[in-house]
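Next come the chains, spelled out residue by residue.
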Amino acid sequence: MISPIVSVPRTGPAPGTPALVDALEDGAVLMFPDLDFPLSAFEQRFVERPFADGKAKNVNIRGAASTLRGAAGTPEEQEALRQVLIRYRGFAEALVAEHLPAYAGKVTFAGTSYRPFDVDRRKMSWRRDDTRLHVDAFPSNPIGEKRILRIFRNINPDGQPRHWRVGEDFSTMAEKFLPRLPGYSPLSARMLAALKITKARRSEYDHLMLHLHDALKQDMTYQETAPQADVHFAPGQTWVTFSDLVMHGAMGGRYMLEQTAYLPVSDQARPERSPQRLLAKALGRALR
Ligand SMILES: [Fe+2]
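Within each chain, residue numbers correspond to sequence positions counted from 1 in written order. At least 70 in pLDDT is required for a residue's local features to be given in this predicted model, at least 80 for side-chain atom pairs to be given and counted, and no such filter applies to totals for whole chains, interfaces and linings, which use all residues. To get the side-chain values, all heavy atoms of the structure are used, and hydrogens and water are removed first.

Looking at an unreviewed UniProt entry, the protein chain carries the name 3-deoxy-D-manno-oct-2-ulosonic acid (Kdo) hydroxylase, with the source organism given as Methylobacterium goesingense.

S.K.: What is the right way to look at the sheet that holds strand E8 (residues 228-233) in this model?
M.R.: By definition, the strands of a sheet pair up through backbone hydrogen bonds, in either a parallel or an antiparallel sense. Pairing within the open sheet is antiparallel, and its 3 strands lie in the order E8-E7-E10. Looking at the sheet topology across the chains shown, the edges are occupied by E8 and strand E10 (248-252). Ignoring strand direction, the axes of neighbouring strands in this sheet form an average angle of 25°. Sheet topology places strand E7 (residues 162-167) next to E8; 6 bridges connect them, and they run antiparallel. Paired with Arg162 across the strands is Phe233, a residue of E8. At least two bridges found by DSSP between two strands is the condition for calling them paired. Secondary structure is summarised from DSSP: a helix means a run of H or I of at least four residues, a strand means a run of E of at least two, and numbering begins at the N terminus for each. Note on definitions: angles span 0 to 180 degrees between N-to-C directions of axes, and those axes are lines fitted to C-alpha atoms, for helices only across the stretch in contact.

S.K.: Where do I start with the packing of aromatic side chains in this structure?
M.R.: Aromatic ring pairs: the centre-centre distance and the angle between the two ring planes describe each pair. Aromatic contacts are taken between Phe, Tyr and Trp rings whose centres are within 6.5 Å, Trp giving its six-membered ring; a plane angle under 30 degrees counts as stacked, one over 60 as edge-to-face, and the others as tilted. Using the criterion set out here, one finds 11 aromatic pairs in the structure. With a centroid separation of 5.4 Å and an interplanar angle of 65°, the aromatic rings of Phe37 and Phe91 are classed as edge-to-face. Note that Phe37 is positioned in the loop between strand E2 (29-32) and strand E3 (59-62) and Phe91 in helix H2 (residues 75-99), a separation of 54 residues in sequence. Residue classification places Phe91 among the buried residues on the basis of a relative accessible area of 12%. With centroids separated by 3.9 Å and ring planes inclined at 0°, the aromatic side chains of Phe233 and Trp239 adopt a geometry described as stacked. The cut-offs for exposure are 20% and 50% of the maximum accessible area for each residue type, with area from a 1.4 Å probe on protein chains only; residues under the lower value are buried, those over the upper are exposed, and the others partly exposed. On the basis of relative accessibility, which here comes to 1%, the residue Phe233 falls in the buried class. According to the relative accessible area criterion, Trp239 is buried, its value standing at 0%.

S.K.: What should I look at first to understand the coordination of the iron ion in this one?
M.R.: For Na, K and Ca the donor cut-off is 3.2 Å; for every other metal, N, O and S atoms count as donors within 2.8 Å. Water does not enter the count, which can leave sites looking incomplete. Around the iron ion, the protein supplies His134 (NE2), Asp136 (OD) and His248 (NE2) as donor atoms, at distances of 2.1 to 2.2 Å. Look at where the donors of the iron ion fall in the sequence and you get H-x1-D-x111-H. One end of the pair, Asp136, is in the loop between strand E5 (108-115) and strand E6 (146-154); the other, His248, is in strand E10, and 112 residues separate them in sequence. In this structure Asp136 comes out as buried when scored by relative accessible area, which is 9%.

S.K.: I'm lost on the pattern of salt bridges in this one. Help?
M.R.: Oppositely charged side chains can form a pair if their charged atoms are brought close together. We count a salt bridge whenever a side-chain nitrogen from Lys or Arg sits within 4 Å of a carboxyl oxygen from Asp or Glu. For the structure on display, the rule yields 21 salt bridges. For the salt bridge of Arg82 with Glu79, the shortest nitrogen-to-oxygen distance reads 3.0 Å. Here the residue Arg82 and the residue Glu79 both occupy positions in helix H2, the gap between them amounting to 3 residues, near one helical turn. Between Glu204 and Arg288 there is a salt bridge, and its shortest N-O distance comes to 3.7 Å. Here Glu204 is found in helix H5 (residues 204-218), whereas its partner Arg288 is found in the segment after helix H7 (275-283), with 84 residues between them in sequence. Taken together, the shared-partner salt bridges connect Asp22, Glu25, Asp26 and Arg273 into one network.

S.K.: How should I be thinking about the sheet that holds strand E9 (residues 238-242) in this particular structure?
M.R.: Ordered in space as E1-E2-E9-E6-E11-E5-E3-E4, the 8 strands form an open sheet in which the pairing is mixed. A strand with exactly one partner marks an edge of an open sheet, and here the two such strands are strand E1 (5-7) and strand E4 (67-69). Across the sheet, the mean angle separating the axes of adjacent strands is 20° when strand polarity is ignored. As paired strands, E3 and E5 are joined by 3 bridges and run antiparallel to one another.

S.K.: Honestly, the environment of Ala80 in this entry has me stumped. Any pointers?
M.R.: Relative to the assigned elements, Ala80 resides in helix H2. The class for Ala80 is buried, based on a relative accessible area of 15%. Residues Ala80 and Ala19 lie 61 residues apart in sequence; the distance between their C-alpha atoms is 37 Å. Contact partners of Ala80, with chain neighbours within four places excluded, come to Phe42 and Phe46. The contact rule is simple, with two residues in contact once any of their heavy atoms fall within 4.5 Å.

S.K.: Help me out: how do you make sense of the packing of H5 against H7 in this one?
M.R.: To characterise two packed helices, one gives the angle between the axes of the helices and the distance between these axes. The N-to-C vectors of H5 and H7 enclose an angle of 90°; their axes lie 11 Å apart at closest approach. Taken together, H5 and H7 sit at an angle that is classed as roughly perpendicular. Residue-level contacts link Tyr205, Leu208, Met209 and Leu212 of H5 to Pro275, Gln276, Leu279 and Leu283 of H7. Split into classes, the residues belonging to the contact of H5 with H7 amount to 7 nonpolar, 1 polar and no charged. Should an angle lie under 35 degrees it is considered roughly parallel, over 145 roughly antiparallel, and from 65 to 115 roughly perpendicular; all remaining angles are considered oblique. We call Asp, Glu, Lys and Arg charged. Ala, Val, Leu, Ile, Met, Phe, Trp, Tyr, Cys and Pro are nonpolar, and the rest, Gly among them, are polar.

S.K.: Whenever I open this one, a nonpolar patch on the surface confuses me. Can you help?
M.R.: Residues with no salt bridge and a relative accessible area higher than 30% make up the patches, which join like charges within 9 Å and nonpolar side chains (Val, Leu, Ile, Met, Phe, Trp, Tyr) within 5 Å. Computed by Shrake-Rupley with a 1.4 Å probe, the accessible areas treat only the displayed protein chains as cover when residues are assessed. Taken together, the side chains of Leu187, Met191, Leu195 and Ile197 define a hydrophobic patch exposed on the protein surface, amounting to about 420 Å² of accessible area. A relative accessible area of 52% means that Leu187 is categorised as exposed.

Structure, rendered in structure tokens:
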């Protein structure tokens, strides 16, 4: 089954729409067509040209001090851009509180990013090529027993949509790829942590997700022939998904805001629907 897009207009979802948390945990993308996030006259410049130093893919804020990284512009412009990102984090927090109240107080809001570049403008290595269908995994930042929840918004001023592909459900994908993945070595995981290559010990789950991410992106036959659908997110639309569960590729579009949040597996409505438990189920044993 291809990941469904569930529209959640301000007037409420259509009758028969499953509870939003259920849809999300089952691998849907929730799309909010009409939430407000206005930019001031001064802030309009951030969607007219990229305020990025060009070294990284995005500009972002992180940490308690919300330090801005990767930005370009005058000090005044950079401070204004930082404030847009802080405001967007508040917008994402409010969205979770209102529409996903079961997660309120359980989700940790991490990095917030401004993505001014067209996805296919920069030539990436296959591993960093996010036009290829994948699930998110972070090489240096082990996730362990947490889920990756992401809140995106298209702020393009010229009507240009954000073009995504979404793929088949996680378990069907994992069944095809699990037999090809290398085995997990607790010893090498301890070494990576000791050498500070990873910020914490890479669990077997993290190991599997990294190798899944790479195996998916390297398999061009799968990329071209796997079940998939094109989705276009129009300017003004906001979408929310578990990007560790939903197969996705970003095909085009520029000027977007993104908030990353983490949810402990144990705080899901049904933890058995996490990729952690789905992989354990597919292997027929607990993960190490
Ligand atoms: Fe991704």
